[in-house]
Amino acid sequence: MPCFVLKCQNNPEEIFLVREEPRVETAVCRSHHELLAEGAEWTFDPESRRIIMGNDLLGTGEYVVSTRPMSIQWNRADPPGVKRLNLEVRRRGSGTSERLELVLSDDARDGIRSLLGD
Ligand SMILES: [Zn+2]
């Protein structure tokens, strides 16, 4: 079994701790272990049990909110109850941030609140 970083065919020589509780470990090659130790961005796909790094992160479709939510706005054209949440996000694997505006109905806000447990 090669290194657990997606597409890497090197021999695994080091153990990388994906998470503490419950404990998940993978075996990675020396050069990926070095990158991970240096703080390179990564994510873990539990189904394939692969670590995803570098340009492959673009394929995850994940966005990271890169600052505290900036503001909530109301637009005159929106129906009552609708709020606009402005965020700065960065696509995983990309170095640039972009502005994202979420248009949230009452129902959507309630759904998000309950998902987040607030
Ligand atoms: Zn590797």
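Residues numbered from 1 in each chain as written. Predicted model: local features only at pLDDT ≥ 70, side-chain atom pairs only at ≥ 80, totals over all residues.

Brief notes about the overall build of the chain
The secondary structure content of the chain amounts to two helices and eight strands. Traced from its N-terminal end to its C-terminal end, the chain shows the element sequence β-β-α-β-β-β-β-β-β-α. Computed over the C-alpha atoms, the radius of gyration of the chain is 19 Å, more than 25% above the 13 Å expected from 2.2 N^0.38 for a compact globule of 118 residues. Viewed in the frame of its principal axes, the chain has a C-alpha envelope of about 60 × 30 × 20 Å. When burial is assessed residue by residue, the chain has 8% of its 118 residues classed as buried. Looking at the chain alone, contacts between residues at least 24 apart form 33% of all its contacts between residues at least 6 apart. (Helix = DSSP H or I, 4+ residues; strand = E, 2+ residues; numbered from the N terminus. Rg over C-alpha atoms; globule rule 2.2 N^0.38 Å. Buried ≥ 20, exposed ≤ 12 C-beta atoms within 10 Å, placed from the backbone. Contact = placed C-beta atoms within 7 Å.)

A look at the domain arrangement of the chain
Split by domain assignment, the chain resolves into domain 1 (14-59) and domain 2 (63-116). The gap between the C-alpha centroids of domain 1 and domain 2 is 29 Å. Across the boundary between the two partners, domain 1 contributes six residues, which contact four residues of domain 2. Split by residue class, the side of domain 1 that touches domain 2 holds two nonpolar, three polar and one charged. (Domains from an automatic or database assignment. Nonpolar A, V, L, I, M, F, W, Y, C, P; charged D, E, K, R; others polar.)

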